[in-house]
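Each chain, letter by letter, is given below.
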Amino acid sequence: MNIHGKRIVLRAIDAQDLPLLHQWANDPELAYGLGDIHFPSSAWQQEQWFQRIQANENTVRLAIHLGDRKMIGYTGFWDIHWRDRRAEHATLIGDRDCRGQGYGREAIAACARYAFEEMDLFRLDATILETNTASLRSYQSCGFQIEGTLRGHALRGGRRVNRLILGLLAEDYATWARETGYWDEASRGG
Ligand SMILES: CC(C)(COP(=O)(O)OP(=O)(O)OC[C@H]1O[C@@H](n2cnc3c(N)ncnc32)[C@H](O)[C@@H]1OP(=O)(O)O)[C@@H](O)C(=O)NCCC(=O)NCCS
C-alpha cells in the first residue's frame, strides 16, 4: 500500500532506484547534513544495502515520488521498536531542484500520519545536526519538539557540531493535525 501526501507518494524502493540512490549516497552536500560519517560508496555496497534493508523487519525505507513523475528522495522508519511503539525517522530530498519546495515537510507529515494512524506507534524520534536549519525547520513545522542536545556530537569541516534530539508523540501529532488543519481538504496544495 503506497502512502499518499498532498503532492507526493511514498512507495517501496525497487532495484531500479539503486543508480540514483547510489548517486545521492556519494553527494558530499547531502552527506554533510546527515548525522553519520559517510565514505565513498561503491555500486556493490549500494546493492548490499538494498539486500540488508529488504531483509530487516525493523526498518522501512520509502522512495519519495513526485506524483507519478520521478523519485526525488527517500524517507522512512529506520529503527522500529514494535514493543515500545517508537521509530527513528529521517528524510532526504536528493534531487536538489526539488529542495525548498515543501516536499520534505510533506514526506514527514505523511510518515507521521502513517506512523500514528496505521502503525499505532506512540513516538517518532529524529536527530538533526544543529547546523541543518532546513531539516530542523521541516521537522518542527510538523510538530516535532526539541528534547535535548548532544554536545559536540559530530565533526564537520574540523568543527564540532551539536546534534539535536527531537520527538513527536502521537498526541503531539493529533494536536498538530487538528490545529494546522494540514489534512483538511481546504488546505490541500501547500
Ligand atoms: C532537510 C530536507 C529534508 C528539507 O526538505 P525540503 O523539501 O528542502 O524543505 P521544505 O521545503 O519542506 O521546507 C521545510 C522548512 O525548512 C525551511 N527550509 C528549507 N530549505 C531551507 C534552507 N536551505 N535553509 C533554511 N531553511 C530552509 C523552509 O523555509 C521550511 O520552514 P518553514 O516551515 O518554517 O517555512 C532537504 O532539504 C534535504 O534533504 N536536505 C539534504 C539532506 C538532509 O539534510 N536531510 C535531513 C537529515 S536529518
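These numbers come from a predicted model, not from an experiment. (Residues numbered from 1 in each chain as written. Predicted model: local features only at pLDDT ≥ 70, side-chain atom pairs only at ≥ 80, totals over all residues. Heavy atoms only, no water.)

Participant: Tell me about the side chain of Arg156, and name the residues and values.
Facilitator: On the secondary structure map, Arg156 appears in strand β7 (residues 145-156). Despite being buried, Arg156 has no salt bridge partner; Asp36 is the closest side chain of opposite charge, sitting 6.6 Å away. What Arg156 contacts, discounting residues up to four positions off in sequence, is Ala31, Tyr32, Leu34, Gly35, Asp36, Leu129 and Val161. (Helix = DSSP H or I, 4+ residues; strand = E, 2+ residues; numbered from the N terminus. Buried < 20%, exposed > 50% of the residue type's maximum accessible area, 1.4 Å probe, protein only. Lys, Arg positive; Asp, Glu negative; His and termini not counted. Salt bridge = Lys/Arg side-chain N within 4 Å of Asp/Glu carboxyl O. Contact = heavy atoms within 4.5 Å.)

Participant: Report on the pairing of strand β6 (residues 123-129), specifying residues and quantitative values.
Facilitator: With respect to burial, β6 is a largely interior element, 6 of its 7 residues being buried. The pairing of strand β5 (residues 86-93) with β6 spans 3 bridges and is parallel. In the strand pairing of β6, Ala87 is matched with Leu124. In terms of handedness, the path from β5 via helix α4 (residues 103-117) over to β6 forms a crossover that is right-handed. Alignment of β6 against strand β8 (residues 159-169), held across 7 bridges, turns out to be antiparallel. Considered in β8, the bridge of Ala126 is made with Leu166. (Pairing = 2+ DSSP bridges. Right-handed = clockwise from strand over helix to strand, strands pointing away.)

Participant: So what about the environment of Ala15? Which residues, and what values?
Facilitator: Position of Ala15 among the secondary structure elements: in the loop between β2 (8-12) and α1 (18-25). Spatially, the C-alpha atom of Ala15 lies 32 Å from that of Leu166, the residues being 151 residues apart in sequence.

Participant: Describe in detail the packing of aromatic side chains, supporting the description with residues and values.
Facilitator: If you walk through the whole model with that rule in mind, you get 6 aromatic pairs. An angle of 85° between the planes, with centres 4.9 Å apart, marks the rings of Tyr139 and Phe144 as edge-to-face. Both residues of the pair, Tyr139 and Phe144, count as buried. Taking NZ or CZ as reference, Arg61 lies 4.1 Å from the ring centre of Trp78, over its face. The residue whose ring lies beneath Arg113 is Trp183, and the NZ or CZ to ring-centre distance is 3.6 Å. (Phe/Tyr/Trp six-rings, centres within 6.5 Å; stacked < 30°, edge-to-face > 60°. Lys NZ or Arg CZ within 6 Å of the ring centre and 35° of its normal.)

Participant: Give a description of helix α5 (residues 133-140) that names residues and reports values.
Facilitator: The complete set of buried residues in α5 reads Ser135, Leu136, Ser138 and Tyr139. The arc that holds the buried residues of α5, viewed along the axis, is 165°, so those residues lie on one side. Along α5, the residues that are exposed and aim more than 90 degrees away from the buried face are Ala134 and Arg137. In this structure, the buried side of α5 is in contact with β5, α4, β6, β7 and β8. (Arc of directions from axis to C-beta.)

Note that all results are geometric; they support no functional claim without further evidence.
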